[in-house]
Amino acid sequence: MRGSPTTPQGHDFPLVMAPRLGSVRELDESVATCRACPRLVAWREEAARVKRKAFRDWDYWARPVPGFGPTDAPLAIIGLAPAAHGGNRTGRIFTGDPSGDVLYAALYELGLASQPESTHRGDGMKLYGVRITMPVHCAPPANRPTTTERDTCRPWLARELELLRPTLGAIVVLGGFAWQALLPVLSTTGWQVPRPRPPFGHGAHAQLTDARSERVLHLLGGYHPSQRNVSTRTLTPAMLRDVLHRGADIADVAVRRPPG
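## Some thoughts on helix α2 (residues 24-31)
- Among all positions in α2, only Val24, Leu27, Asp28, Ser30 and Val31 are buried. Seen end-on, α2 carries its buried residues on one side only, within an arc spanning 165°.
- Looking at the buried positions of α2, the neighbouring elements they touch are α1 (13-17), β2 (130-133) and α6 (147-164).

This is the structure we're talking about:
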């Protein structure tokens, strides 16, 4: 039986539930009921109670945030976790915070998103050939999930990527945390990860082979579009567009020519 926002759950809820799910839609629904990590549950709900002044009229989502995008996407984008007053408020990953402003603008400029801004779940945003997901589905304090929280959430990501496997050709991984969280997931789901494990960096490129079919999955590293990275120009919009463009090309997703 699936959990609900008020149903007590053990820490093994994702491990038990995720493998049973036969579609991405079922996965998204189950993710949103998860209460496996007490610290994250308390934090996401506290953020929804306290709110920021600018969002005092919002009814916060305050649940785990599922992935977003088509369920047969050839390209995946992996982030870190929802922001307390971003995805935890809006119910959509990378929505309602500065990181999302940068990411969705880049996707729109490449023709991978229907509009340049994502403000809430019902705003009409559509992604084309791209699905966005993350290794941790709840907003963590200070944007820092613990290793236990990461590992508890891991079965959701593993099952999502397994369900996307028939069409998936490339993954753009935003940030070192996501890169390190993703490699063990891919290894345990039948992808042969190079040894030594490829290091993260902006523009990093690794190829993994499916042990069963010899299909190749391409991983591309990119700096996370955090407010700090963008303000210090560690990551520029052009750099982000470039890595997204490369991922789309490899995955054979049609894009527009990026500006500049």
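Now that the structure is up, let's keep going.
## Quick notes on the side chain of histidine 218
- Counting through the fold element by element, histidine 218 comes out in strand β6 (residues 216-222).
- Among the polar contacts made by the side chain of histidine 218, one reaches the side chain of histidine 205 at a distance of 2.9 Å.
- Not counting residues up to four positions away in its chain, the partners in contact with histidine 218 are Gly169, Ala170, Ile171, His205, Ala206, Gln207 and Ile250.

## Quick notes on the packing of aromatic side chains
- Taken as a whole and judged by the stated rule, the model has three aromatic pairs.
- Measuring from centroid to centroid gives 5.8 Å for phenylalanine 13 and tryptophan 156, while their planes differ by 65°, and the two rings are edge-to-face. Highlighted residues: phenylalanine 13 in helix α1 and tryptophan 156 in helix α6, separated in sequence by 143 residues. In this pair, the class of phenylalanine 13 matches that of tryptophan 156, namely buried.
- The rings of Trp179, Phe200 and Tyr223 are connected pair by pair, giving a single aromatic cluster.
- Sitting over the ring of phenylalanine 68, arginine 92 keeps its end group 4.4 Å from the ring centre.

So, how was this worked out
Residues numbered from 1 in each chain as written. Predicted model: local features only at pLDDT ≥ 70, side-chain atom pairs only at ≥ 80, totals over all residues. Heavy atoms only, no water. Buried < 20%, exposed > 50% of the residue type's maximum accessible area, 1.4 Å probe, protein only. Helix = DSSP H or I, 4+ residues; strand = E, 2+ residues; numbered from the N terminus. Arc of directions from axis to C-beta. Contact = heavy atoms within 4.5 Å. Polar contact = N/O pair within 3.5 Å; in protein donor to acceptor, adjacent residues only side chain to side chain. Phe/Tyr/Trp six-rings, centres within 6.5 Å; stacked < 30°, edge-to-face > 60°. Lys NZ or Arg CZ within 6 Å of the ring centre and 35° of its normal.

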